[in-house]
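Below, each chain spelled out in residue letters.
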Amino acid sequence: MAFTAFAGTATAVAEPAPRRRSPIALLLLLPGIFYLILFFVTPLISLVITSLQAPDPLIFGQYVNAFNWQNYVAVLEQYWPQAIRSAGYAALATLFALLIGFPLAYFIGITLRPFPLLQSLALVLVIAPFFISFLLRTLAWKQIFSVEGPVAGILSSLGALPPGVSITGTTFSVVFGLTYNFIPFMVLPIYATLVSLDLRLLEAGNDLYGSPATTFRTVTLPLSAAGVMSGTLLTFIPAAGDYINASREFLGATDTTMIGNVIEANFLVLQNFPAAAALSLILMAFILVLVAAYVKRSGTEDLL
Amino acid sequence: MKGFGKYAIWAYSIMAFVFLLIPIAYTVAFSFNDSRRTNIIWSGFTLENWLTVCEAQGVCEAFGNSLLIGVAATILATTLGTMIAIALVRYRFRFRNATTLLIFLPMATPEVVLGAGLAAQFLQAGVPKGIGTVILAHTLFCLSFVVVTVRSRVVSLNPALEEAGRDLYASPVQVFWRITFPMLLPGIVAAALLSFALSFDDFIITNFNRGADVTFPSYIYTAAARGIPAEANVIASAVFFLAIALVLIAQLSAAARRRQLAKAA
């Protein structure tokens, strides 16, 4: 749904073609479905098998298939601070993205509606960060926030920051980076709902002596709720699993590590595959519960 | 009060746009930095980096790998995804809800889980990791986005046009290639561009499945510890300007077409 913004808003046709039964459907579906089963469903099964493996008693660093469910208990005991931190950071980033993104989407979808050219330019500006490397734009913030950077300079000359103290490697900088990087995912779906909002409804609110605040609360907000819902989901999911912003080379430090960092380290560095797999599945389960709650309220077809 | 609200939203939005553009401006500016070893502190303007992009070790190879992976994954994902999108809108079949769920789930799965899952599978199957496994992984996560993008186009397609083709004795193949496909093309192109952009900039899934092969984002990640060469900024800036130019051309031509249609009506 967010990405209809890229394809241009679809106009509904008066009479949709009736859905037919045909063997062609199978021919069209099978290759893609087969691909999804081979590279999405079986990897998830691989993760389940891996997460239950036990260390090989004979060869150090190898694992054998087992039913070692204690892996889950062990990773939760060891990494619960990172798990809670991930949920907290992602929730904060989603909140800030909403606070910045909603007015922006309102501005593009409603305020700029009389100026179509400005409107399309503004939309291009929102997706512009997608076109510059994710890692480079995160590094740019790191350098802007660094001890030699402009922000630290201004803050310390105002006496707000002791000299030599870094802004990077803090909760602030990680949440800041997450917020920045996922704002377009918040703006686009909200914009998509606001752009089709009938302005006469706002006029009606005004005619009925509703203050701008009342009209906003009783008309605009309910009508853009679907966009807000998919926006928060599209921001929260990548933010909760992200490990670039929180990593030491970027905006984080050792005490800001998130669950993504732990999964990466266990898989690629420590080669503790069962722990990485168990953590991945815990993260996936957490996200799925969240998504299911959303789907229950709005339906899958709406999210797509 | 009403006037104040208008000014406030303009001011707030302009500040938000500035905020969105700061790191882009920074990255582009530092592609012109006269840096010797590390590109952290500004030390003068130069065009040198733009003229000798490939001199920094490994930058151009990484860029080439990313292009190759992006093109291959885009072709695979766009083909498979367009077929699914047409089937979803046009045909009735069993397990329809299960199919929709299967397409939706990869988009709701955090990248780190997709990456680790594929890596675990390649490990168990004994497949050596490299550019090939990265292409397979990228095709997977682009596929769902293609289905969503093309589907909205199929929904908006007027079936009367295809009926007219059939009435004029066109074969089903002719109807598809002469009517359906050209009308779906804007959606397919948008989906392909989105796929390429997602693939080109992906780091997390790539990092789990690349083995020893280096892509542009993974080059930057490794280089981040010792300092990014300005040449990386040059490539990122060039890609940025190219993409913005493409989007602006598409927007302006769409606006021109709308104006023409309005005049004709």
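With that settled, the discussion passes to the overall build of chain A. For chain A, the count of helices and strands is 13 helices and two strands. C-alpha extents for chain A along the principal axes are approximately 80 × 70 × 35 Å. Within chain A, the proportion of its 304 residues that are buried is 45%.

Looking now at the nonpolar core. Ala-105, Val-187 and Leu-279 of chain A together with Ile-84, Ala-116, Ile-220 and Ala-232 of chain B are the most contacted members of the largest nonpolar core, which has 155 residues in total. Of the residues forming this core, the biggest block, 15 residues, is contributed by helix H7 (residues 171-194) of chain A. Setting aside residues up to four positions removed in sequence, Ala-232 of chain B forms contacts with Leu-136 of chain A together with Val-59, Tyr-219, Ile-220 and Ala-223 of chain B.

Turning to the domain arrangement of chain B, a few remarks are in order. Interface size is commonly expressed as the accessible area that is lost once the parts come together. All names here are of chain B. We note that the domain assignment places domain 1 (1-54 + 231-265) and domain 2 (57-228) within chain B. Summarising the inter-unit geometry, the C-alpha centres of domain 1 and domain 2 are found 26 Å apart. Facing nine residues of domain 1, the contacting portion of domain 2 comprises nine residues. Considered class by class, the residues forming the side of domain 1 that touches domain 2 number five nonpolar, two polar and two charged.

Here the focus is the domain arrangement of chain A. Residues and elements named next belong to chain A. Along its sequence, chain A is organised into domain 1 (24-53 + 63-68) and domain 2 (80-303). Taking only C-alpha atoms into account, the centre of domain 1 sits 30 Å from that of domain 2. Every contact between the two is made by six residues of domain 1 and, on the other side, six residues of domain 2.

Time to look at helix H6 (residues 131-155) of chain B. Residues and elements named next belong to chain B. With 25 residues, H6 should reach 36 Å at 1.5 Å per residue; the first-to-last C-alpha distance of 36 Å fits that figure. Most pronounced at Cys-142, the bend in H6 amounts to some 30 degrees. Across the 25 residues that make up H6, a large majority, 22, are buried.

It is worth spelling out the interface of chain A and chain B at this point. Each side of the interface is counted separately: chain A has 83 residues, and chain B has 80 residues. For the side of chain A that touches chain B, the leading source of residues is helix H2 (residues 23-51) of chain A, giving 16 residues. Considering only residue class, the side of chain A that touches chain B consists of 61 nonpolar, 15 polar and seven charged.

Turning next to the environment of Asn-233 of chain B. For Asn-233 of chain B, the position within the fold is in helix H11 (residues 230-264). Through-space distance from the C-alpha of Asn-233 of chain B to that of Val-28 of chain B is 6.5 Å; in sequence the pair is 205 residues apart. Residues in contact with Asn-233 of chain B, not counting those within four places in the same chain, are Leu-136 of chain A together with Thr-27, Phe-30, Ser-31 and Asn-39 of chain B.

Cut-off values and rules
- Residues numbered from 1 in each chain as written.
- Chains lettered and ligands numbered in written order.
- Predicted model: local features only at pLDDT ≥ 70, side-chain atom pairs only at ≥ 80, totals over all residues.
- Helix = DSSP H or I, 4+ residues; strand = E, 2+ residues; numbered from the N terminus.
- Buried ≥ 20, exposed ≤ 12 C-beta atoms within 10 Å, placed from the backbone.
- Core = buried A, V, L, I, M, F, W, Y, C linked by C-beta atoms within 7 Å.
- Contact = placed C-beta atoms within 7 Å.
- Domains from an automatic or database assignment.
- Nonpolar A, V, L, I, M, F, W, Y, C, P; charged D, E, K, R; others polar.
- Expected span 1.5 Å × (residues − 1).
- Bend = angle between axes of the 7 residues up to and from the residue.

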